[in-house]
Amino acid sequence: SLPKFLAAGMKSEQGKGLDWTKVKFFFCDERMVPIEDPESTLGLYLNLFKDTDIKREQFIPVSVDMDVEEAAKDYETKLKVLMGADPNPDLLLLGMGPDGHTCSLFPGHPLLDETDKIVASIKDSPKPPPQR
């Protein structure tokens, strides 16, 4: 539901006053599905923002056609190229699932113990689709 709130805010009077061309969109929780799939986070954003000034080039997509672990490494490289060796975004907007998960970090899952990676993959998400 977070993308819907963001899209509504962008279309509001306050949102129209911002220069959205200076914004890049990165993903904390992309599902490894084609963009046409209803579960695609990128697909959802592109659909919700189609009536705004946001261009597709402003989205930094996850390569969902790769193996999930390779896609995570590839996305980490993209982040480092755009933001430096220690990526530090200006703002993070994170939603939360009904089970308390955010960024595909699920309560009780071993992925919560990861401390070294900037981008980590998950192959056994308790919520479908399993690869994120």
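As shown above, the structure is provided for reference.
Analysis parameters
- Residues numbered from 1 in each chain as written.
- Predicted model: local features only at pLDDT ≥ 70, side-chain atom pairs only at ≥ 80, totals over all residues.
- Heavy atoms only, no water.
- Core = buried A, V, L, I, M, F, W, Y, C linked by side-chain atoms within 4.5 Å.
- Buried < 20%, exposed > 50% of the residue type's maximum accessible area, 1.4 Å probe, protein only.
- Helix = DSSP H or I, 4+ residues; strand = E, 2+ residues; numbered from the N terminus.
- Contact = heavy atoms within 4.5 Å.
- Expected span 1.5 Å × (residues − 1).
- Polar contact = N/O pair within 3.5 Å; in protein donor to acceptor, adjacent residues only side chain to side chain.
- Disulfide = S-S within 2.5 Å.

1. Considering the nonpolar core
- Ranked by internal contacts, the top residues of the largest apolar core, which has 21 residues, are Leu6, Phe25, Phe27, Phe49, Ile54, Phe59 and Tyr75.
- If you list the elements that add at least two residues to this core, you get helix H1 (2-11), helix H3 (41-48) and helix H4 (68-83).
- Among the elements that make up this core, the one with the highest residue count is H4 (5 residues).
- Phe25 has contacts with Leu6, Trp20, Phe49, Ile54, Gln58, Phe59 and Ile60, leaving out every residue within four places of it along the chain.

2. Looking at H4
- End to end, H4 covers 22 Å across 16 residues, agreeing with the expected 22 Å (1.5 Å per residue, within 8%).
- Put simply, Asp67 is the residue that caps the front of H4, since its side-chain oxygen is 3.0 Å from the backbone nitrogen of Glu69.

3. Looking at the state of the cysteines
- Counted under the stated rule, the structure contains 0 disulfides.
- Here Cys28 stays unpaired: no disulfide links it, and the sulfur of Cys103, its closest cysteine neighbor, is 4.2 Å away.

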